[in-house]
Amino acid sequence: MRHFPLFLDLQGRDVLLLGEGEALAAKARLLTAAGARLREASRFSPALLDGVALACAAGAPEDELRALSAACQARGIPVNVVDRPALSSFVTPAVIDRDPVTVAIGTAGTAPLLARLIRQRIEAVLSPGLGRIAALAERFRGPLREKLPELGARRRFLERVFSGRPAQLAEEGRQAEAEAAFAAALEAAETATAGMVHLVGAGPGAADLLTLRALRLMGEADVVVHDRLVSAAVLDLARRDADRIDVGKSRGAHSVPQEEINALLVRLARTGRKVVRLKGGDPFVFGRGGEEIEALAEAGIAFEVVPGITAALACAAQAGIPLTHREAARSVTFVTGHTSDGRLAVDFDALARPGQTIAVYMGVTTLPQFFAGLVAAGADPTTPAAFIERGGSPDQRMLLGSFAEVARDAGGWVGGGPALLLLGEACGRSPALAGARATMAPQ
């Protein structure tokens, strides 16, 4: 984020407009709507900056624009020269006005037309009555703080109101009815509300693979308890003032023991907070989500599980590997290669049967044991395989080949990221693996 978004109060303050043209006229209209007093000039003089809150320029000679920019920045006055980011200390966004609600879209001055196109799309989904809902909340600000002094309780109340009858009435312009409905809801509001825990699957790492429900809950959470595998891009989508607690685990190093995580979730919920337990992939696929909901249920804490895209699905999709195929695989088996005592507790005889795809999670260190056990049970070492690191993210990389080749090379190839093995004849249907095997074939 190059520019920090900020809404500036210009009511009754002076703003300098230097130059001429339609671009400057458009800025003049916006500034006037914001209550600014305009000081217009065609030539620059340092005295023009006395007492101004900011300055905008367009359509003036180059030396005038540069002089204005230098003088403003020397005096700490925000300056915008239209379509000249190098001369500007701020950019003006595309604006959606639903007074008192304002939405601003910026592109750091690189693509103003794109900002306008985004504005048009957002305009299409925002109700014209949105400002009336905000005004309703403003009218009840004092009584709301008095009735619900705790921030989390107020937030949860407003979430219900903004999605309920009071907001609907305000949006329709039925102001008296909206105020009555808001007052009734506030009168019935509980000062202490029980908290809730949402176990949310964050998917493989790419932010745009989150579900819509996961995105909504992250925007509502008071606190986010997250794992190491949750990407920074996903965490950035959480509410900005939400507390973030990292309880991440990595191979051989547990930041917080599972029992302590369980206790933490219970403790946070009992304070009345809305908790999102954000887990890489899916909470119920090798994510210990089952253990966490058992602890929550035992403590009487309400919970919800929101599924996420698990690593096997993400890796296979990005690699073009079909997990099932009518001619190659009629079932998929998810297996964990992680073991605390150094022993793989898997049924090798069952895994060695043909006609299936095997997805091995957390199997970097135990891959040699897995290979030896599976081959001893009758598996073909030439079976197509793909070892995929950081699957489902822009950094995904693959080691392709036969099971024997991948098992031999994976230890020196892996770069430290989370990795998954896909094994089975269906892997050979991937264009990438088919191409790799064709390249390796004798000529």
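In this text, all values refer to a predicted model and were calculated from it rather than measured experimentally.

Visitor: Give me the lowdown on helix H11 (residues 258-270), citing residues and values where you can.
Guide: For H11, which comprises 13 residues, the first-to-last C-alpha distance of 19 Å matches the rise-based estimate of 18 Å (1.5 Å per residue) to within 8%. Of the positions making up H11, those classed as buried are Gln-258, Ile-261, Asn-262, Leu-264, Leu-265, Val-266, Leu-268 and Ala-269. Residue Gly-272 follows H11 closely and has a positive phi angle near 90°.

Visitor: Now, about the domain arrangement of the protein: what can you tell me, with residues and values included?
Guide: What the domain assignment lists for the protein is domain 1 (14-92), domain 2 (129-188), domain 3 (196-309) and domain 4 (312-436). Just the C-alpha atoms count here: the centres of domain 1 and domain 3 sit 47 Å apart.

Visitor: Talk me through the nonpolar core; I want residue IDs and the actual numbers.
Guide: Ile-358, Phe-370, Leu-374, Phe-387, Phe-403 and Leu-421 are the most contacted members of the largest nonpolar core, which has 25 residues in total. Take this core: its biggest share by element is five residues, from helix H16 (residues 403-413). Ignoring sequence-local partners within four residues, the contact set of Phe-370 consists of Val-335, Leu-344, Phe-348, Leu-351, Ile-358, Val-360, Phe-403, Leu-421 and Leu-423. Counting residues in hydrophobic clusters, the runner-up holds 18 residues, among them Leu-18, Leu-68, Val-79 and Val-81.

Visitor: Kindly report on the UniProt feature "active site" (unreviewed entry) in the protein, identifying the contributing residues and their values.
Guide: Residues annotated in UniProt with the feature "active site" (unreviewed entry) correspond here to Asp-227 and Lys-249. Following the sequence through the fold, Asp-227 ends up in the loop between strand E8 (223-226) and helix H10 (232-235). Among residues more than four places away in sequence, those in contact with Asp-227 are Asp-246, Val-247, Gly-248, Arg-277, Leu-278, Lys-279 and Gly-280.

Visitor: Please provide a residue-by-residue account of the pattern of salt bridges, values included.
Guide: Per the counting criterion, the structure on display carries 29 salt bridges. Where Arg-174 meets Glu-172, a salt bridge forms, and the shortest distance between an N and an O atom there is 2.9 Å. Owing to a relative accessible area of 32%, Arg-174 belongs among the partly exposed residues under this scheme. Among the ionic contacts, a cluster of salt bridges with common partners joins Arg-155, Arg-156, Asp-222, Arg-239 and Asp-241.

Visitor: Please give an account of the pairing of strand E6 (residues 101-105) that cites residues and values.
Guide: Every regular strand shows the same layout, with side chains that alternate between the two sheet faces. Here strand E5 (residues 94-98) pairs with E6 via five bridges, running antiparallel. Paired with Val-95 across the bridge in E6 is Ala-104. Counting the residues in the hairpin turn of E5 and E6 gives two residues.

Visitor: For empty space enclosed by the protein, give the residues involved together with the corresponding values.
Guide: Applying the stated rule across the entire model yields one cavity of 30 Å³ or more. Considered as a void within the structure, the largest cavity measures approximately 40 Å³ in volume. Residue lining of the largest cavity: Val-360, Gly-363, Leu-367, Phe-387, Ala-419, Leu-420 and Leu-421, and that is the complete set. When residues in the lining of the largest cavity are grouped by element, the largest group, three residues, is from strand E18 (residues 419-423).

Visitor: Tell me what's going on with the environment of Leu-18, and back it up with residues and numbers.
Guide: Tracing the chain through its elements places Leu-18 in strand E1 (residues 14-19). Expressed as a C-alpha distance, the spacing of Leu-18 and Leu-323, which sit 305 residues apart in the sequence, is 63 Å.

Visitor: Outline H16, listing residues and values.
Guide: Of all the positions in H16, only Phe-403, Val-406, Ala-407, Ala-410 and Trp-413 are classed as buried. Looking down the long axis of H16, one finds its buried residues gathered within 145° of arc, a one-sided arrangement. Projecting away from the buried face of H16 at angles above 90 degrees are the exposed residues Arg-408, Gly-411 and Gly-412.

Visitor: Residues and numbers for the sheet that holds strand E2 (residues 37-41), please.
Guide: Reading across the sheet, the four strands line up as E2-E1-E3-E4 and stay open at both edges, with parallel pairing between neighbours. Of all the strands in the sheet, the pair left with one neighbour each is E2 and strand E4 (79-81). Ignoring strand direction, the axes of neighbouring strands in this sheet form an average angle of 15°. Here three bridges tie strand E3 (residues 52-58) to E4, and the two strands are oriented parallel to one another.

Visitor: Explain the confidence of the model for the protein residue by residue, including any values.
Guide: On average, residues of the protein carry a pLDDT of 89, and 93% of them reach 70 or more. Below pLDDT 50 for its whole length, residues 437-443 participates in seven contacts with residues either more than four positions away or in separate chains.

Visitor: Lay out the sheet that holds strand E14 (residues 331-336) with the relevant residues and their values.
Guide: Judged by pairing direction, the sheet is mixed, and its five strands sit side by side in the order E14-E15-E18-E16-E17 without closing on themselves. The open sheet terminates on both sides in strands that have one partner only, identified here as E14 and strand E17 (397-402). Averaged over all neighbouring strand pairs, the angle between strand axes comes to 15°, with direction disregarded. Packed on one face of the sheet, helix H13 (residues 311-319) meets E14, strand E15 (356-361), strand E16 (384-389), E17 and E18 and runs near 70° to E18. Helix-sheet contacts for helix H15 (residues 367-376) involve E14, E15, E16 and E18, and the interaxial angle to E18 is about 15°.

Visitor: An account of unusual backbone geometry is requested, with residue identities and associated values reported.
Guide: Of the consecutive residues Asp-99 and Pro-100, the connecting peptide bond is found in the cis state with omega at 10°. Note on placement: Pro-100 falls in the loop between E5 and E6. For Met-362, which is not glycine, the phi torsion reads 50° and is therefore positive. With respect to the helices, strands and loops of the structure, Met-362 is situated in the loop between E15 and H15. A positive phi angle, near 55°, is found at Arg-390, a position not held by glycine. Within the secondary structure, Arg-390 is located in the loop between E16 and E17.

Visitor: Residues and numbers for the packing of aromatic side chains, please.
Guide: All chains considered together, the criterion is met by eight aromatic pairs. Taken together, a centroid distance of 5.6 Å and an interplanar angle of 80° make the contact between Phe-157 and Phe-182 edge-to-face. Linking Phe-157 in helix H6 (residues 151-162) with Phe-182 in helix H8 (residues 175-188), this pair joins segments that are 25 residues apart in sequence. This pair shows no difference in class: Phe-157 is buried, exactly as Phe-182 is. Site record: aromatic cluster; members linked through ring pairs are Phe-348, Phe-370, Phe-371 and Phe-403. Its end group placed over the ring of Trp-413, Arg-397 keeps NZ or CZ at 4.1 Å from the ring centre.

What counts as what
Residues numbered from 1 in each chain as written. Predicted model: local features only at pLDDT ≥ 70, side-chain atom pairs only at ≥ 80, totals over all residues. Heavy atoms only, no water. Helix = DSSP H or I, 4+ residues; strand = E, 2+ residues; numbered from the N terminus. Expected span 1.5 Å × (residues − 1). Buried < 20%, exposed > 50% of the residue type's maximum accessible area, 1.4 Å probe, protein only. Domains from an automatic or database assignment. Core = buried A, V, L, I, M, F, W, Y, C linked by side-chain atoms within 4.5 Å. Contact = heavy atoms within 4.5 Å. UniProt positions renumbered as here; feature names shortened; annotations may be inferred. Salt bridge = Lys/Arg side-chain N within 4 Å of Asp/Glu carboxyl O. Pairing = 2+ DSSP bridges. 1 Å grid on protein atoms, 1.4 Å probe; cavity = no way out; pocket = protein on both sides within 12 Å on 5 of 7 lines; lining within 4 Å. Points joined across faces, edges and corners; volume = space filled by probe spheres on them. Arc of directions from axis to C-beta. Axes fitted to C-alpha atoms, helices over the stretch in contact; angles between N-to-C directions. pLDDT = per-residue confidence, 0-100. Phe/Tyr/Trp six-rings, centres within 6.5 Å; stacked < 30°, edge-to-face > 60°. Lys NZ or Arg CZ within 6 Å of the ring centre and 35° of its normal.

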